[in-house]
Amino acid sequence: MALIAIICILLFAAADCIVEIPKMLREKARRDILAFSLLLSLGVVLAILKVLQFKIGNPSDFFAWIYSPLQGIMEILLSKG
Amino acid sequence: MIPSRIADLAGPDVWISILLGAVAGLPVIWIYAKLGELNPDKTFAEILRLYLGKWAGGLVALFYILSGLVLTTQISWYMGDFVRNEFRSDLPIIRINIFFVVLLAFAMWCGVEAMYRATELLYYILFSFFIVTVLLLIPSFKPEYLLPIMENGPVPVLKGSIPFITDCVLPLVFLNMVYPVCLENVQEAKKALFKGYLIGALTTLIAVTTCVLVMGSSLIANVRSPMYTVNKEISHLVVFSRIEAATVAISLGVSFIAAFSYAYAGVLALAQLIKVKNYKYLIPPIGLLIILYSPDIYYNTVHEIQWDSLTWPPLSFTLGFIIPGVVLTIAVIKKRKENNQQSGNQAK
């Protein structure tokens, strides 16, 4: 099951590259290619890690950490009565 | 979810809470309108970099990008969770989310104009569904559910307007990526912004009041999707029963439009930050990331309720009011300085 998922992810990434990189090369958009490959590799790596059930970070935890000092105030504000 | 949170805090006075929230939201919309008027050819990300400087503006823009994409992921989670809870509970949530995100990616690929024209069409259909369901619920209205007006004083009413402001008003900041740039006539754009806001507030008012009138605020406060539950009460003739499917359609359509707005804001802002030529190349990787994070962005329903009530209000307040307010102040001061300099030069 995990292997099938990993193969699917790699197939998707490969298909994506095949479709998009020629277009970007034609327009000679170097920044595009750089950003695209960075984001795609980040996505593939994180996806594979997730399939293998490693813990990857969660953005909502990041926001909760940023606003953790305000939690007390919010609880008071949103308490009933 | 919004009606249940407002009903929980405000009791039977939900309609006063929403009216108050709508009025309190007018200055917020005014800030966005004014910012757009001062910079009619820039998106919000460019405005941020213009007024806050390259590095600080870039950091703040990154914050907006992350928030926009997180909001998109949250909406996919809501969809998957809703389908799991109400229909089939054995599908892994990621497969439902994949449908949603793939459709979203396709919409972004087609571009803004195509999506917003589709939104117009969807709006007519969904709004008529909405009106029909509300009209069909009128026989089940029990006005005594609204009755003890301000029983506990004004404080619960004020507390009840907080979910409305944080969920229905402040996220409109993400429309600033679209608002000044894509529209030709700035004055008409301003009017459209206000009109849209008021119509949205009115719709929320009608929806929440209908829920409370049919089932009472204490029941609504404990129900996950009140409109869906309330619409199960419709069963007049054989034809008009099981109309809750219309509510599902409405919530699906509205969530899609909202998710598109957030995702488009996030992707376009990222594209402008990195100075990429065409934002469409960034869509598949970001779509992959959204699908990846969507089952776990909220660990479970308890975490969702907790995050939405405790972390989202300060976050939305920062994103939607504080930062735009600061940027507007800087913009106005700069404009005054420019005007003074110009009149100084003319005087010379």
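Residues numbered from 1 in each chain as written. Chains lettered and ligands numbered in written order. Predicted model: local features only at pLDDT ≥ 70, side-chain atom pairs only at ≥ 80, totals over all residues.

**What to know about the overall build of chain B**
Note the cut-off: To qualify as a helix, a DSSP run of H or I must reach at least 4 residues; to qualify as a strand, a run of E must reach at least 2; elements of each kind are numbered from the N terminus. In this description the radius of gyration comes from C-alpha coordinates, and the expected globular size is given by 2.2 Å times residues to the power 0.38. Partly exposed residues are those whose C-beta has more than 12 but fewer than 20 other C-beta atoms within 10 Å; 20 or more makes a residue buried and 12 or fewer makes it exposed, with C-beta atoms placed from the backbone.
Along the backbone of chain B there are 14 helices and zero strands. Reading the secondary structure of chain B in the N-to-C direction produces α-α-α-α-α-α-α-α-α-α-α-α-α-α. Radius of gyration (C-alpha) of chain B: 21 Å, near the 20 Å computed for a compact globule of 348 residues. The principal-axis extents of the C-alpha atoms in chain B amount to approximately 80 × 45 × 35 Å. Counting over 348 residues, chain B shows a buried share of 42%.

**Topic: the overall build of chain A**
Each helix and strand in chain A was counted, giving four helices and zero strands. When the helices and strands of chain A are placed in sequence order, the string is α-α-α-α. The C-alpha atoms of chain A give 20 Å as radius of gyration, which overshoots the globular expectation for 81 residues (12 Å, by more than 25%). Expressed along its principal axes, the backbone C-alpha trace of chain A runs to roughly 60 × 35 × 20 Å. Scored against the burial criterion, the 81 residues of chain A give a buried share of 16%.

**Observations regarding helix H6 (residues 112–137) of chain B**
An α-helical turn contains 3.6 residues, so a residue and the one three or four places further along point in the same direction. Residue and element names in this part refer to chain B. Put simply, the rule reads: One less than the number of residues in a helix, times 1.5 Å, gives the span that helix is expected to have. We call two residues in contact when the distance between their C-beta atoms, placed using the backbone, is within 7 Å.
Across its 26 residues, H6 extends 36 Å between first and last C-alpha, which sits within 8% of the 38 Å expected from 1.5 Å per residue. Listed in full, the buried residues belonging to H6 are Met-115, Phe-130 and Thr-133. Residues of H6 that are buried sit in contact with helix H5 (93–110), helix H11 (226–231) and helix H12 (244–274).

**Concerning the interface of chain A and chain B**
To keep things clear, this is the line we draw: Only Asp, Glu, Lys and Arg are considered charged in this grouping, and only Ala, Val, Leu, Ile, Met, Phe, Trp, Tyr, Cys and Pro are considered nonpolar; every other residue, Gly among them, is considered polar.
Contact with chain A, which involves 29 residues of that partner, is made by 32 residues of chain B. Elements with a minimum of two residues in the side of chain A that touches chain B: helix H1 (2–26), helix H2 (30–51), helix H3 (59–66) and helix H4 (71–77) of chain A. Ranked by residue count, the leading element in the side of chain A that touches chain B is H2 of chain A, at 10 residues. Grouping the constituent residues of the side of chain A that touches chain B by class yields 16 nonpolar, five polar and eight charged.

**Re the packing of helix H1 (residues 2–10) of chain B against helix H7 (residues 154–169) of chain B**
All names here are of chain B. Inclusion rule: Throughout, an axis means a line fitted to C-alpha atoms (over the contacting stretch in the case of helices), and angles, computed between N-to-C directions, take values from 0 to 180 degrees. An angle counts as roughly parallel when it lies under 35 degrees, as roughly antiparallel when it exceeds 145, as roughly perpendicular when it falls between 65 and 115, and as oblique in every other case. Should the near helix be turned anticlockwise from the far one by less than a right angle, the crossing is left-handed, and should it be turned clockwise, the crossing is right-handed.
Here H1 crosses H7 at 160°, and the two axes come no closer than 7 Å. Put simply, H1 runs roughly antiparallel to H7. For the crossing formed where H1 meets H7, the hand is right-handed. When H1 is examined against H7, the residues Ile-2, Arg-5, Ile-6, Leu-9 and Ala-10 are found in contact with a partner set consisting of Pro-156, Val-157, Lys-159, Gly-160, Pro-163, Phe-164 and Asp-167. Of the residues in the contact of H1 with H7, the class split is eight nonpolar, one polar and three charged.

**Considering unusual backbone geometry**
The backbone of Gln-53 of chain A shows a phi angle near 65°, a positive value even though the residue is not glycine. In this fold, Gln-53 of chain A is placed in the loop between H2 and H3. With 8 C-beta atoms packed within 10 Å, Gln-53 of chain A lands in the exposed category. Not every positive phi belongs to a glycine, and Lys-275 of chain B is a case in point at roughly 60°. Looking at the element boundaries, Lys-275 of chain B is found in the loop between H12 and helix H13 (283–293). Since 9 C-beta atoms lie within 10 Å of it, Lys-275 of chain B is described here as exposed.

**Here's the deal with helix H2 (residues 14–38) of chain B**
Applicable threshold: The angle separating two fitted axes, one through the seven residues that finish at a residue and one through the seven that start at it, defines the bend at that residue.
The terminal C-alpha atoms of H2 of chain B lie 36 Å apart, and with 25 residues this matches the ideal 36 Å at 1.5 Å per residue to within 8%. Leu-26 of chain B marks where H2 of chain B bends most, by close to 30°; the proline Pro-27 of chain B follows one to four residues later.

**Let's talk about the confidence of the model for chain B**
Detailed reading of the predicted model is not advised wherever pLDDT is low. Note the following rule: Per-residue confidence from the predictor is reported as pLDDT, a score between 0 and 100.
Chain-level pLDDT for chain B is 83 on average; 96% of the residues reach the 70-or-more range. If you check the scores for this complex, the pTM reads 0.88 and the ipTM reads 0.89.

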